[in-house]
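# Observations on the three-dimensional arrangement
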Amino acid sequence: MKSVYINNHGPRNVLTYGELPENTPKSTEVKVKIHSCSLNRLDIFTRMGIKGINLNLTKPHILGGDFAGEIIEVGQKVTDKKIGDRVVINPGLICLKCENCIQGFTELCSNSGRIGLTTNGGYAEFGIVPSINTYHIPRSISFSEASTLPTVFLTAWTMLTRKSQLKDTETVLIVSGSSGVGAAAIQIAKNVIGAKVITTTSTKEKALKAKALGADYVILNNENLNQKINEITNNQGVNVIIDHLGQKTWENAFKFLAKGGRFCICGVTSGHKGEIHLGQIFANNQSIMGTFMGRHKDLEKIIQLSANKQIGNIIDSEFPLQRIKDAHKLMENRNFFGKIVISI
Ligand SMILES: [Zn+2]
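Residues numbered from 1 in each chain as written. Predicted model: local features only at pLDDT ≥ 70, side-chain atom pairs only at ≥ 80, totals over all residues. Heavy atoms only, no water.

### Re empty space enclosed by the protein
Once rolled over the atoms, a probe with the size of a water molecule shows which space is left empty. In total, this model carries 1 cavity of 30 Å³ or more according to the counting rule given. Lining the largest cavity are Leu-42, Asp-43, Thr-46, Gly-64, Gly-65, Arg-114, Ile-115, Gly-116 and Leu-117. The biggest single contributor to the lining of the largest cavity is helix α1 (residues 41-48), with 3 residues. Here the lining of the largest cavity is composed, by residue class, of 3 nonpolar, 4 polar and 2 charged. (1 Å grid on protein atoms, 1.4 Å probe; cavity = no way out; pocket = protein on both sides within 12 Å on 5 of 7 lines; lining within 4 Å. Points joined across faces, edges and corners; volume = space filled by probe spheres on them. Helix = DSSP H or I, 4+ residues; strand = E, 2+ residues; numbered from the N terminus. Nonpolar A, V, L, I, M, F, W, Y, C, P; charged D, E, K, R; others polar.)

### Comments concerning α1
Buried residues dominate α1, accounting for 7 of its 8 residues. Those residues of α1 lying buried are Arg-41, Leu-42, Asp-43, Ile-44, Phe-45, Thr-46 and Arg-47. Where α1 is buried, its residues touch β1 (2-6), β3 (29-38), β8 (113-114) and α11 (324-333). In the stretch just after α1, Gly-49 is the one whose phi turns positive, near 75°. (Buried < 20%, exposed > 50% of the residue type's maximum accessible area, 1.4 Å probe, protein only. Contact = heavy atoms within 4.5 Å.)

### Here we look at the coordination of the zinc ion
In the first shell of the zinc ion, the protein supplies Cys-95 (SG), Cys-98 (SG), Cys-101 (SG) and Cys-109 (SG), at 2.3 to 2.4 Å from the metal. One way to put it: the 4 donor atoms around the zinc ion meet at angles of 101 to 123°, and that makes the site tetrahedral. When the donor residues of the zinc ion are listed from N- to C-terminus, their spacing reads C-x2-C-x2-C-x7-C. Of this pair, Cys-98 sits in the loop between β7 (92-93) and α2 (99-102) while Cys-109 sits in the loop between α2 and β8, and the two are 11 residues apart along the sequence. (Donors = N, O, S within 2.8 Å, 3.2 Å for Na, K, Ca; no water. Tetrahedral: all angles 85-135°; square planar, octahedral: opposite > 155°, others 65-115°.)

Take a look at the structure:
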């Protein structure tokens, strides 16, 4: 099958387009004819072997966690899926046997993994995944659109609803609204929750796109963030911060977090270290909430919201599988808004 794989960590030229053998699904797995796979920054980190990611796998390794396609083969014990089903993959691997899984807290699975990271992913014609990782998609959602849903929307959903429990009377600051998770968070915060949404970005063009998604206020990176937030919130600060940059945001974040505020972190793109004034945290009843992906079944809700057109339509550009290096280059150069998709 046509695939893009890596044999070593490194720059874009380790991405190799070529033929790999096809496999057969085990009893609880399905084989998917992949139509679309969306990129995440995690793909870059996995390729580069940075941020603590080092492959310890049977190589060659196929990247890509967010993909959608049609089921073409099912394992002997699979009863809830059939050949021809249109599905999107939840890349979160769970065991359903550990104490957390049994209680339904699959996001805390003790034996978790991730498709495209700990197993082969979606930069290929075919993928083999556990049946429980596939979710039906209606015909109204294209494969490209479906491939953008799992990672960024699950993460944004978890931060905004399950963790911070943002309310429609509150204000949220979404750092870097042009990122996949930023764009997803703008839509959920505005179209689903109805909160006041502030976001940041680098250019006026991206600011227009963020407003079109639902942002009430867009602050450019060259503007005084602290002053702008004080103006918008009448010096009260924001109730929730959604951030994936890490170190860069952390330096000032608590200056504009309101009393009772919740700081949600889901990435460390700009660095992973930060100092904190612990006294300010308890004196102001603030919370710090870490999020990686989300509860498995929440993807059903996200698919429903996409079918209702409340979220989605955040595709920046699509590339054929052969042009994977160009797609990675675009993501590394940060000159995009939303999601980059690979068509297969
Ligand atoms: Zn588990």
